[in-house]
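Each chain, written out:
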Amino acid sequence: MDKPLHSTPQIVTVGGQRLIGGLSRVYHCNHYNAYLQMAVLMTEYLPQHSPQQLLTEAVTPLIQELRKRGYSQQQLLEEYSYCGFGVLRQIDAIHWETPSSHYGQSLTFHGKPQKSCFFTTGYLQGLLDRQVVEVACQVEGSESDRFQVSELPCIVNPYLVYPLELTPEIPERFSFSGCQEFTTQIDEPSIIAAVNSLPLYGKKEAPETGLIPAFGVVLTHHFADYYNQISYQTYWALRNAGMPEEDSKEMFIQAGHICAFNTFGGIMKSPEWHAIVAPHCRNREDWLHGMIAVINALGWGIFRVERIVPEKEFIVRVYNSYEGIGYRRIFLKTEDKNMSFLGMGATLGLVHLLWKVDIRERPDLTHDFYVKQFNNPQNSYTVEQSHAIAAGDEYDRFIVSK
Amino acid sequence: MTYQVYEFDLNGLSLEQYAKLRIFVQTLGYNSYPSQLSVLHIKHPLFFIDFPGYGFPTAKISFYPQTVPEKVNEYLEMLNGQLAFGGVSMNEKSSYVIKVGELFKALNGKRVSQGLSEIDSPLIASKLGILFALKTNGYVNFKGEIIDLNDNQLIALQEILDQHFNAEMSVELRQLIASMEHFIKSAEAASSETTVVSEKKGLFNKFKGLFKSKLHQESHA
């Protein structure tokens, strides 16, 4: 009998973070991963900057860190599948392949098809301590993604140079200074428990894919630090090249907006939502509270709704946001408050799902719908970040308004 | 119709400096007085320039009312640079005008014809803005209505569309680029119907020093 594709790793939930092997993990969908990778690759024309190398080497030190903490090669291969990256296996002494892979199969790009499994390449480098190159990719039409291991050692400096510092005191929902008085029947602990009970891990039943299809998207249980490293290094590379601040941030915020459309939208259309959450919702604002409860199970931090003025204003705080916490693991404190790009885009997208389009009517979440209605500039809201953990604040705070 | 008019001082220019500046001005647009040797009347979608013969004290640039302050600023800075250094690079001249909306429409048309998905305009504009800036080391605003590109920029645009949008657009680009003369006539026809008066926005303050000009507004019949 074949071995199971993976066993369940120990997940520690602390302060809104989901830690596996001591590293923060967050759920994100294929749309976000595709968009973010595309945004990073846009810097390919920058001199002395390789986005491909960044996308590859952002994961290598994380895998090396897991090995330092006692992970075996088998555990890392199992975790690759458990977290939804696909099935990674060795073919011969120097070749590996992913017959099923998130980055090879689930991502869509605008550009010419090209090898896209930078993450898996970096994962293997961390696993083997050797330099690895992708030699075939499903994006280019190959049956599987294939990787070749060289004899050269792989030396990548760790980038998590500062300690993980979480805020221990997170206020209870609706009970902090400045919070509006809410009356909602949304039971957040029950929703979080329900989400945690869902089988959101790589599929191991036949046919084993190691992918996580859920809510109409394909999820990954990804490394938060990977996202932070590729996003912020790219952002600062753009700024250092002279790109205006707004242009440099726009693509990353849009990635969050697209993430909300597909993942939040998919969740709010799902049978699970309509069985567990929707019956307790009296209005669109309850849907906001319900979705915030779901988000609090994704490892993104602890979201606390501060204020809702229907169809006008939505303010939310995020304690231990993975972007803010992660930024401070890589960089010194910044002066800029608008630094949690995913949080800004996702919060804006959440508001658009309720107050710009009406997700309660279960529209088809097609690309055409996104372009013509959801992302249409008409009737859009704006988002601003007033507080940022990256800037030394206790929490991130997003204000979405019209 | 009210134009924003800036005069620039030609006093003190050597003949060589005058000649270089004159060549530069000619690169900016279409000369509507081609038969006159000494006087240039250069037309551009955003402005026209009256450039006199050598020895006259001032030349004049008149921006159409709908010209946004950023563009006014851009062209004044350009002229200011020429006055300061007297050098002209013919390779930098803007030759091709493309309507951004039509470019995006053609791009999506091409993609759809290849079985690819459409891309929303804000995303195309953002991507192109960044890619173009990094590839050419020059910023072009794809969020506006038109772009004007030189030869090298047009080639860069074609390469970016091919590589990053999977759309080989050389044929479409040839169809999209308007001759300067044609575009000016269209712009003039449109502007003759408008009565919008632009605000000065204090732009002149940015051009103290080398650019000895004065701002006033003129009404043209």
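Predicted, not measured: the structure shown is a model, and the values here were computed from it.

Conventions and cut-offs
- Residues numbered from 1 in each chain as written.
- Chains lettered and ligands numbered in written order.
- Predicted model: local features only at pLDDT ≥ 70, side-chain atom pairs only at ≥ 80, totals over all residues.
- Heavy atoms only, no water.
- Pairing = 2+ DSSP bridges.
- Helix = DSSP H or I, 4+ residues; strand = E, 2+ residues; numbered from the N terminus.
- Axes fitted to C-alpha atoms, helices over the stretch in contact; angles between N-to-C directions.
- Expected span 1.5 Å × (residues − 1).
- Buried < 20%, exposed > 50% of the residue type's maximum accessible area, 1.4 Å probe, protein only.
- Arc of directions from axis to C-beta.
- Contact = heavy atoms within 4.5 Å.
- Salt bridge = Lys/Arg side-chain N within 4 Å of Asp/Glu carboxyl O.
- Core = buried A, V, L, I, M, F, W, Y, C linked by side-chain atoms within 4.5 Å.
- Buried area = accessible area lost by both parts, 1.4 Å probe.

With respect to the sheet that holds strand 8 (residues 212–214) of chain A
Residues and elements named next belong to chain A. Read from one edge of the open sheet, five strands run 1-2-3-9-8, paired in antiparallel fashion. Unpaired on one side and paired on the other, strand 1 (11–14) and strand 8 mark the two borders of the sheet. Here the average twist between neighbouring strands, direction ignored, is 40 degrees. In the sheet, strand 8 pairs with strand 9 (residues 217–223) via three bridges, with the strands oriented antiparallel. Bridge pairing links Ala214 to Val217 in strand 9.

Observations concerning helix 5 (residues 151–165) of chain B
Between the first and last C-alpha of helix 5 of chain B there are 21 Å, a value that for 15 residues agrees with the 21 Å anticipated at 1.5 Å per step. When helix 5 of chain B is considered as a whole, its buried residues turn out to be Gln153, Leu154, Ala156, Leu157, Ile160, Leu161, His164 and Phe165 of chain B. Buried residues of helix 5 of chain B fall within an arc of 160 degrees about the axis and therefore sit on the same side. Buried residues belonging to helix 5 of chain B abut helix 1 (30–41) of chain A together with strand 6 (96–99), helix 3 (100–113), helix 4 (121–136), strand 7 (146–149) and helix 6 (170–176) of chain B. Looking one or two residues past helix 5 of chain B, Asn166 of chain B carries a phi angle of roughly 55 degrees, positive in sign.

A look at the pattern of salt bridges
All names here are of chain A. In total, this model carries 22 salt bridges over all chains according to the counting rule given. For the salt bridge of Arg69 with Glu65, the shortest nitrogen-to-oxygen distance reads 2.9 Å. The partner of Arg282 in a salt bridge is Asp286, with the nearest N and O atoms 3.0 Å apart. On the basis of relative accessible area, Asp286 is assigned to the buried category, the value being 2%. One salt-bridge network, in which partners are shared between bridges, spans Glu245, Lys249 and Asp336.

Here's the deal with the sheet that holds strand 6 (residues 130–136) of chain A
Residue and element names in this part refer to chain A. Taken together, the four strands give an open sheet; going across it, the order is 4-5-7-6, and neighbouring strands pair in antiparallel fashion. The strands lining the two open edges of the sheet, one partner per strand, are strand 4 (86–90) and strand 6. When the angles between neighbouring strand axes are averaged without regard to direction, this sheet yields 25 degrees. By the bridge criterion, five bridges tie strand 6 to strand 7 (residues 145–153) in an arrangement that is antiparallel. The partner of Glu134 across the bridge, within strand 7, is Phe147. Contacting strand 4 and strand 5 (95–101), helix 4 (residues 73–82) crosses the sheet at an angle of about 150 degrees to strand 4. Against the sheet, helix 6 (residues 118–128) contacts strand 4, strand 5, strand 6 and strand 7, and its axis sits at roughly 145 degrees relative to strand 6.

So, the nonpolar core
Ranked by size, the top nonpolar core spans 155 residues in total, and within it Phe264, Trp300 and Phe314 of chain A together with Leu103 and Leu157 of chain B carry the most contacts. Among the elements that make up this core, the one with the highest residue count is helix 9 (residues 245–269) of chain A (eleven residues). If near-sequence neighbours (up to four positions away) are discounted, Leu157 of chain B is found in contact with Ile98, Leu103, Leu128, Phe132, Phe142, Ile147, Leu149 and Leu173 of chain B. Leu13, Leu28, Phe47 and Phe51 of chain B belong to the second-largest nonpolar core, a separate cluster that totals 22 residues.

Some remarks on the interface of chain B and chain A
Taken together, the 23 residues of chain B in the interface contact 23 residues of chain A. Buried area between chain B and chain A, both sides added, is near 2200 Å², and the carbon and sulfur share of it is 61%. Considering only the surface of chain B that becomes buried against chain A, Asp120, Ile130 and Leu134 of chain B emerge as the three largest contributors, covering 28% of it. Counting every contact that joins chain B to chain A gives three salt bridges. Of the charged contacts in the structure, one is a salt bridge between Lys143 of chain B and Glu250 of chain A, with a shortest N-O distance of 2.8 Å.

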